[in-house]
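Results of the structural survey
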Amino acid sequence: MNVSMPLAAARARQLQSGASLQRLEAALDWGAQNLERTRVSGVVVEIAVSHYRVSGLSRFLRLGECVYVEIDDGIQVAEVVKIDESTVVLKPFDAKCEAAVGARAYRAAGLSLFPSDGWKGRVINALASPIDDAGELIQGTQAMPLDAKPPDALRRGRVNKPIKTGVRVIDLFTPICAGQRIGIFAGSGVGKSSLLGMLARAPQFDTVVVALVGERGREVSEFLAESLGVNRKSAIVVVATGDESSMMRRLAPKTATAIAEYFRDRGDAVLLIVDSITRFAHAARDVALAAGEPAVARGYAPSVFSDLPRLLERAGPGLENSGSITGVFSVLVDGDDHNDPVADSVRGTLDGHIVLDRSIAEQGRYPAVNVLSSISRLSHCSWTTEQSKLVSKLRALVARYEDTREIRLLGGYSVGADPFLDHAVKSVPRIYDAMTQTPRSEPCLDPFVELANALRSDGKSDDQGA
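For the structure given in this document, a descriptive report is provided here. (Residues numbered from 1 in each chain as written. Predicted model: local features only at pLDDT ≥ 70, side-chain atom pairs only at ≥ 80, totals over all residues. Heavy atoms only, no water.)

A look at the packing of aromatic side chains
Under the criterion given, the structure shown has three aromatic pairs. Ring centres 6.0 Å apart and planes at 65 degrees place the aromatic pair tyrosine 300 and phenylalanine 305 in the edge-to-face group. Between tyrosine 401 and tyrosine 432, the aromatic rings sit 6.2 Å apart at their centres with planes inclined by 80 degrees, giving edge-to-face as the arrangement. You can see tyrosine 401 sitting in helix α10 (residues 385-403) and its partner tyrosine 432 sitting in helix α12 (residues 419-435), a full 31 residues away along the chain. Here the basic side chain of arginine 285 rests over the ring of tyrosine 300, its NZ or CZ set 4.7 Å away from the ring centre. Just above the ring of tyrosine 401 sits the side chain of arginine 408; from NZ or CZ to the centre is 4.1 Å. (Phe/Tyr/Trp six-rings, centres within 6.5 Å; stacked < 30°, edge-to-face > 60°. Helix = DSSP H or I, 4+ residues; strand = E, 2+ residues; numbered from the N terminus. Lys NZ or Arg CZ within 6 Å of the ring centre and 35° of its normal.)

Some details on empty space enclosed by the protein
Evaluated as defined, the whole model comprises one cavity of 30 Å³ or more. Here the largest cavity defines a volume of roughly 50 Å³. Lining the largest cavity are Ile163, Thr165, Ile176, Leu199, Ala202, Phe205, Leu271, Thr326 and Val328. Its residues placed into classes, the lining of the largest cavity shows seven nonpolar, two polar and no charged. (1 Å grid on protein atoms, 1.4 Å probe; cavity = no way out; pocket = protein on both sides within 12 Å on 5 of 7 lines; lining within 4 Å. Points joined across faces, edges and corners; volume = space filled by probe spheres on them. Nonpolar A, V, L, I, M, F, W, Y, C, P; charged D, E, K, R; others polar.)

Looking at the pattern of salt bridges
According to the stated counting rule, one finds 24 salt bridges in the structure shown. With a closest N to O distance of 3.4 Å, glutamate 215 and arginine 279 form a salt bridge. Taken together, the residues span a long stretch of sequence, with glutamate 215 in the loop between β13 (207-213) and α4 (217-228) and arginine 279 in helix α6 (residues 277-290) at a distance of 64 residues. The two residues glutamate 215 and arginine 279 agree in class, both being buried. A single network of salt bridges, built from pairs that share partners, joins Arg156, Arg181, Glu313 and Asp351. (Salt bridge = Lys/Arg side-chain N within 4 Å of Asp/Glu carboxyl O. Buried < 20%, exposed > 50% of the residue type's maximum accessible area, 1.4 Å probe, protein only.)

Looking at the layout of surface pockets
Its boundaries defined by the atoms lining it, the largest pocket holds a volume of some 770 Å³. Considering the residues around the largest pocket, the lining is formed by 35 residues, among which Gly191, Lys192, Ser193, Ser194 and Ser227 are closest to the centre. Elements supplying a minimum of two residues to the lining of the largest pocket: α3 (192-200) and α4. At seven residues, the largest contribution of residues to the lining of the largest pocket is made by α4. For the lining of the largest pocket, the residue count by class is 14 nonpolar, 11 polar and 10 charged. Considering only enclosed or pocket space, the second largest pocket measures out at about 650 Å³ in volume.

Encoded structure:
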């Protein structure tokens, strides 16, 4: 029997099969490079003032992903805020819903940034597009997600390095450390933006990232020209003005935080300023209500109180041997109500709070910091034992002075009856004068030395003036 014939036939079939696989592989490679890829799409079936409803995409999307919606002259980017079995709810980043019923909607890639050193000195919007007429942004090579998780709690560095901000009242009573997160609680018109500008000029930061959320358009240029001034060259400013959509105002702090994280991971000491976190909460409330969430606390939906700590926790120290993000978050207390739900939630998350008092501003004392209501939870890292005792004594003097204000105005105070009150009446006005500082003042080098000099020289200057 001749067995060579079946073997030869088998080899021929094997060679033919190998050649077919090679042809198939070559065809697939050509198709991947030259043919348009299939896209999953849906259809707009409902349009409201604030959102779209799209059918056909429910099984392909996740919350927080982006979708392109076709409009007459291009596309509109929207975010998925709710998913049910048959439809998804989309919230566009533009202020208006411009698509028509029946428009196609396509799944888009997630939002991410590619920051670089070339972004310093630039002004961008929440989608990281330049708005300062200085050309296109230089894109980096590392993608930074907008909704990154905070560093692992057990791997983060310690916060123990004091920072001199140059603002006397802060360096003396509520000192800040690198990687600390602190809030500035203030009503409208009490000098909040001026204080933020003074903090932005602190010399110990390598990079400054500022998010202006819900600000008036006029105030943006004023902040850039006056508050930042010459320090604008080292700052990256993310702007979402009050006339922009709630999606842009909600996204701006996340964009600023992602940029700060990029520079932190490079080892920089970063200052992140968000003005204001309250308007971020307002925008998050608008999005949550559009998604159908119930209002549980003064109109705020439950997700707002999970969004706040998720954003705030991203600031702070990075992993060991990396940089840090020192976060300064302004909180706009509506109607000077410091028990507002947002203020309560933020106060419990941060590492301290600085309270600006309207009555102090009305007296013409700026920064209008109420030293009795302000606290830094990391002050022990900045003070020596002697300095801590001194600050406690200063607070006690201010407290006695303020507690007896009405009695003294009514004539119920007599010199010599209470030696500690006599000391307070003599010293506290001088302390207030020494703490007064304007954005044009020279930065403070050592608040304890400058206060001591002011207290020693004040009496001499009065005598000379007399």
